[in-house]
Amino acid sequence: MTSKILEIDRLTVSFDGFKALNDLNFSMDAGELRVIIGPNGAGKTTFLDVITGKVQPTEGTVRFKGQNLQGKAEHHISRLGIGRKFQTPRVYLNLSVRENLDLACNRHKNVFSTLFKRPPSTDRRNVIGLLETIGLTAKADLQAALLSHGEKQRLEIGMLVAQSPELLLVDEPVAGLTDEETENVGNLLLALAESHSIIVIEHDMEFVRQIARQVTVLHQGSVLCEGSMDRIQNDPRVIEVYLGQAPSIGEKEMIILRIAASMAWADGDIAPEEIDVILTQLSRQFADDSQQQKELQKELRDYLSSNVDIANLVPQLETMAEREMVLKLSYEIISSSARHPDEDLINEEEAIAYKKLIHLLELPEETVKHLEREVKSKE
Ligand code: ADP
Ligand code: MG
């Protein structure tokens, strides 16, 4: 007996000789919520295409609950219990929210019978429950066209769930959503995870942090690494592939940046304008022209706005120069966020974070004082 809902062995998908997936191994327990991340072109969408039968493997096998999916058509796989939500919502815009869910509950029936006959009572109960789950009870009779983008995403997730799949595949559900809707969709997926196995493909790091338990990183068609969000984010290989396209920044510089940025986030409360200031400051340090700086800021925003475990990162700094640079940048950041010019540190959390950093850096006290004076005189 296997408790694995999905087992993928040595999967390769070639498009005219180009391997979009390359000898990929993956498995997932029933009931798991797994997030898959990876840079553009890593093979994430192809991965879902193979599971749903849209693309056939060149080599290797995909097993769903122990059953080999080789050669099975898409509709067959869908009936076995794998449902997929595409990136753009596919709802009937001229039908109400409730009618969309009615339809999804009765896929075998046609639009007319759903609209003109009363659905049986079990279906009605299902729909009421679904409306509640997706948080659209109050909008049940509203035309789907009038929903916000985020509400449409939730409706489509509801329509998917209406078909009772065991495994839900969700491709970039929060692209283009507001922060509030992103959180709503996150909470919905967390609620669904209590009774479904779910794979979410995602780009938005903030969102990944909200929902992720176990994360798989894809790179060049293979699994680069797997683990908790914390582990993934501190893995130098992940930093390298994620920021690999960054024009002028190396792995070491990234570590320096992340440590320094973590000072600003120490109190867990930072205004967007402050983030902009800090990102500008940091990116200037490492990128020369303004185009490079802009790109770096974009990439850093995703990467830096998280709780960083500096105790993990500091030991990766090898030279004295790197340690001194971290100290200067960090000091610059905390003193620039001080509310009064003569106030040294913005608040207690930052003071604690900074003290911890000094301790980890193991720099002589004299050096620390000297570097701090240098930063101050520059201001
Ligand atoms: P991701 O979703 O991670 O951005 P994809 O799975 O869409 O990546 O694509 C992986 C790689 O495979 C890309 O280099 C892409 O250009 C290529 N690719 C995807 N589908 C096809 C196809 N049908 N024909 C040729 N190349 C493809
Ligand atoms: Mg994709």
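Above this text you will find the structure in question.
Just so you know, these numbers come straight off a predicted model, no measurement behind them.

Visitor: When you look at the sheet that holds strand β7 (residues 167-171) in this model, what are you seeing that I'm missing?
Guide: Hydrogen bonding along the main chain pairs the strands of a sheet, whether they run parallel or antiparallel. Reading across the sheet, the 6 strands line up as β6-β7-β8-β3-β9-β10 and stay open at both edges, with mixed pairing between neighbours. Two strands lie at the open edges of the sheet, namely β6 (82-85) and β10 (222-227), each paired on one side alone. Sheet twist, expressed as the average angle between the axes of neighbouring strands with direction ignored, equals 20 degrees. In terms of strand pairing, strand β3 (residues 33-37) meets strand β8 (residues 197-201) through 4 bridges, oriented parallel. Considered in β8, the bridge of Leu33 is made with Ile198. Sheet strands in contact with helix α6 (residues 149-162) are β6 and β7, and its direction is about 165 degrees off that of β6. Here helix α7 (residues 179-192) sits on the sheet in contact with β3, β7 and β8, set at roughly 150 degrees to β8.

Visitor: When you look at the sheet that holds strand β5 (residues 67-68) in this model, what are you seeing that I'm missing?
Guide: Pairing is antiparallel across the open sheet formed by 4 strands, whose spatial order is β2-β1-β4-β5. If you trace the sheet from one side to the other, it starts and ends with β2 (18-29) and β5, each paired once. Strands β1 (4-15), β2 and β4 (59-64) of the sheet are contacted by helix α1 (residues 44-51), whose axis makes an angle of about 115 degrees with β1.

Visitor: Quick question: what am I supposed to make of unusual backbone geometry here?
Guide: When glycine is set aside, most residues are seen to have a negative phi, and most peptide bonds are trans. Positive phi, normally seen in glycine, also occurs at Lys65, with a value near 50 degrees. One can find Lys65 in the loop between β4 and β5. We classify Lys65 as partly exposed; its relative accessible area is 44%. Backbone geometry at Glu172 places phi at a positive 40 degrees, although glycine is not the residue there. Inspection of the secondary structure assignment puts Glu172 in the loop between β7 and α7.

Visitor: How should the environment of Val13 be read in this particular structure?
Guide: Examined against the element boundaries, Val13 turns out to sit in strand β1. Here the alpha-carbon distance between Val13 and Gly43, two residues 30 residues apart in the chain, equals 9.4 Å. The contacts of Val13, once residues within four sequence positions are left out, are Phe18, Lys19, Ala20, Leu21, Thr46, Val50, Val55, Gln56, Pro57 and Thr58.

Visitor: Looking at this structure, how should I read helix α17 (residues 365-378)?
Guide: Because an α-helix packs 3.6 residues into every turn, residues spaced three or four apart end up facing the same way. For α17, spanning 14 residues, the distance from its first C-alpha to its last is 20 Å, which sits close to the expected 20 Å at 1.5 Å a residue. Turning to α17, its buried residues are Thr367, Val368, Leu371, Glu372 and Val375. The arc that holds every buried residue of α17, seen down its axis, measures 130 degrees, which confines them to one face. For α17, exposure combined with an orientation more than 90 degrees from the buried face picks out Glu365, Glu366, Arg373 and Ser377. Elements in contact with the buried residues of α17: α15 (320-336) and α16 (348-361).

Visitor: I keep staring at the side chain of Arg154 and nothing clicks. Help me out?
Guide: Along the chain, the position of Arg154 falls in helix α6. For Arg154, a relative accessible area of 8% puts it in the buried group. Contact partners of Arg154, with chain neighbours within four places excluded, come to Ile134, Gly135, Leu136, Glu181, Asn184, Val185 and Leu188.

Visitor: How should the packing of α6 against α7 be read in this particular structure?
Guide: In a pair of packed helices, the angle between the axes and the distance between the axes together describe the arrangement. Two elements in contact, α6 and α7, have axes separated by 9 Å at closest approach and are oriented at 15 degrees. Relative to α7, the element α6 is oriented roughly parallel. Judged by the sense of rotation from one axis to the other, the crossing of α6 with α7 is right-handed. Note on element contacts: α7 touches α6 through Glu181, Asn184, Val185, Leu188, Leu189 and Leu192, opposite Gly150, Glu151, Arg154, Ile157 and Val161.

Parameters and conventions
- Residues numbered from 1 in each chain as written.
- Chains lettered and ligands numbered in written order.
- Predicted model: local features only at pLDDT ≥ 70, side-chain atom pairs only at ≥ 80, totals over all residues.
- Heavy atoms only, no water.
- Pairing = 2+ DSSP bridges.
- Helix = DSSP H or I, 4+ residues; strand = E, 2+ residues; numbered from the N terminus.
- Axes fitted to C-alpha atoms, helices over the stretch in contact; angles between N-to-C directions.
- Contact = heavy atoms within 4.5 Å.
- Buried < 20%, exposed > 50% of the residue type's maximum accessible area, 1.4 Å probe, protein only.
- Expected span 1.5 Å × (residues − 1).
- Arc of directions from axis to C-beta.
- Parallel < 35°, antiparallel > 145°, perpendicular 65-115°, else oblique.
- Left-handed = near helix turned anticlockwise from the far one by under 90°.

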